Amino acid sequence: MRIADICSQRVICIGPDASISEAAQLMHDQDVGALVVTRDSKREPIGIVTDRDIVTRIVASGRDPRAVPVSEAMSGAPATCHGNHDLLDVMEMMRQHGIRRVPVVDAQSALIGIVTTDDIIGALAGHVLVLARSVLSEDALERRRHRDEGIAGSVGQRAGKA
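### Overview of the overall build of the protein
Helix and strand counts for the protein come out as four helices and seven strands. Ordering the α and β elements of the protein from the N terminus gives β-α-β-β-α-β-β-α-β-β-α. Computed over C-alpha atoms, the radius of gyration of the protein comes to 26 Å, more than 25% over the 15 Å expected from 2.2 N^0.38 for 162 residues, which places it beyond the range of a compact globule. Taking the principal axes of the C-alpha coordinates as reference, the protein spans close to 95 × 35 × 30 Å.

### Quick notes on the sheet that holds strand β6 (residues 101–105)
The three strands are arranged β5-β6-β7 in an open sheet whose pairing can be described as mixed. Only two strands of the sheet have a single partner each, and these edge strands are β5 (81–82) and β7 (111–116).

### Digging into the sheet that holds strand β4 (residues 75–76)
Strand order in this open sheet of four strands is β1-β2-β3-β4, and the pairing throughout is mixed. Of all the strands in the sheet, just β1 (13–14) and β4 have a single pairing partner and so form its edges. Taken together, the two bridges between β1 and strand β2 (residues 34–38) define a ladder with parallel strand orientation. Residue pairing across strands places Ile14 opposite Val37, the latter belonging to β2. Relative to strand β3 (residues 45–50), helix α2 (residues 51–59) is tilted by about 75°, and along the sheet it contacts β3 and β4.

### Observations concerning the pairing of β2
With five of five residues buried, β2 is to be regarded as a mostly interior element. The alternating pattern of β2 places Ala34, Val36 and Thr38 on one face and Leu35 and Val37 on the opposite face, and all of these are buried. Handedness of the β-α-β unit built from β1, helix α1 (residues 20–30) and β2 comes out right-handed. Bridging between β2 and β3 involves five bridges; their strand directions are antiparallel. Across the sheet, the residue bridging to Thr38 is Pro45, located in β3. Connecting the antiparallel pair β2 and β3 is a turn made up of six residues, with Arg43 showing a positive phi of about 65°.

### Digging into the pairing of β6
Among the five residues that make up β6, four are buried, leaving the element largely enclosed by the rest of the structure. Sheet topology note: the β5/β6 ladder contains two bridges and is parallel. For His82, the partnering residue across the bridge sits in β6 and is Val105. Hairpin connection between β6 and β7: a loop of five residues separates the two successive antiparallel strands, and Ser109 in this loop has a positive phi of roughly 70°.

### Structural notes on the confidence of the model for the protein
Caution applies to low-pLDDT regions: their predicted coordinates should not be interpreted in detail. The share of residues in the protein with pLDDT of 70 or more is 90%, and the mean pLDDT across the chain is 88. Predicted confidence in the protein is weakest over helix α4 (residues 117–161), with a mean pLDDT of 74, and strongest over α1, with 97.

### Considering the side chain of Asp53
Checked against the element boundaries, Asp53 lands in helix α2. Every residue in contact with Asp53, bar those within four places of it in the chain, is listed here: Ile48, Ile58, Ala73 and Ser75.

### Some thoughts on the pattern of salt bridges
The tally for this structure, following the rule as stated, stands at five salt bridges. A salt bridge links Arg95 to Glu92; its shortest N-O distance comes to 2.6 Å. Residue Arg95 and its partner Glu92 are both found in helix α3 (residues 87–97); the two are separated by three residues, about one turn of the helix.

Cut-off values and rules
- By convention here, each chain's residues receive numbers from 1 onward along its written sequence.
- Given that this is a predicted model, residues contribute local features only at a pLDDT of at least 70 and side-chain atom pairs are listed and counted only at 80 or more, while totals for whole chains, interfaces and linings are drawn from all residues.
- Calculation of side-chain values draws on the structure's entire complement of heavy atoms; hydrogens and water are dropped beforehand.
- Counting from the N terminus, the helices are DSSP H or I runs at least four residues long and the strands are E runs at least two residues long.
- The quantity called the radius of gyration is restricted to C-alpha atoms. Its globule counterpart is 2.2 Å times the number of residues to the power 0.38.
- At least two DSSP bridges between two strands are required for those strands to pair.
- Throughout, a residue-residue contact means that at least one pair of heavy atoms, one from each residue, lies within 4.5 Å.
- Fitting a line to C-alpha atoms yields each axis, with helices limited to the stretch in contact; the angle taken between N-to-C directions then spans 0 to 180 degrees.
- Relative accessibility thresholds used throughout: buried, under 20% of the residue-type maximum; exposed, over 50%; partly exposed, between the two (1.4 Å probe, protein chains only).
- By convention, a crossover is right-handed whenever its connection, traced from the first strand over the helix to the second and viewed with the strands pointing away, goes clockwise.
- Every residue is assigned a pLDDT by the predictor, reflecting its confidence on a scale from 0 to 100.
- When a carboxyl oxygen of Asp or Glu lies within 4 Å of a side-chain nitrogen of Lys or Arg, that pair is called a salt bridge.

Pasting the structure below:
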């Protein structure tokens, strides 16, 4: 399965010079837990800032979110992938880097989407559900066939005794 098939094309971005307070407000307004940090109109990802980054790196240390730029809280140089990358390869990259979100970029490194662990779980759950239904259907057919064979065998045995 390709990443382009499951990634979200709705990506909320912010500049590195915006304040943490602005980032938090944008997250609230857009109902997201992370923003991709971009520097220019090309939308090339230079970082990711999460709600957890804001809490652990800024708020918990007593810094004023209105005075701290996003660049001081973000994780820089994010791992990225392309839409044609295989889901399993991206899952392995996420595991190795200990990350839950990966910006999806085009050939020019411009942001075109984001894939999250939730996206992956949703995609895999759909496939597991299809597989489970198939297995259960096969099991039911098998049980029915055995039951029918058992009934036919009993009828044949009774007929032979008569």
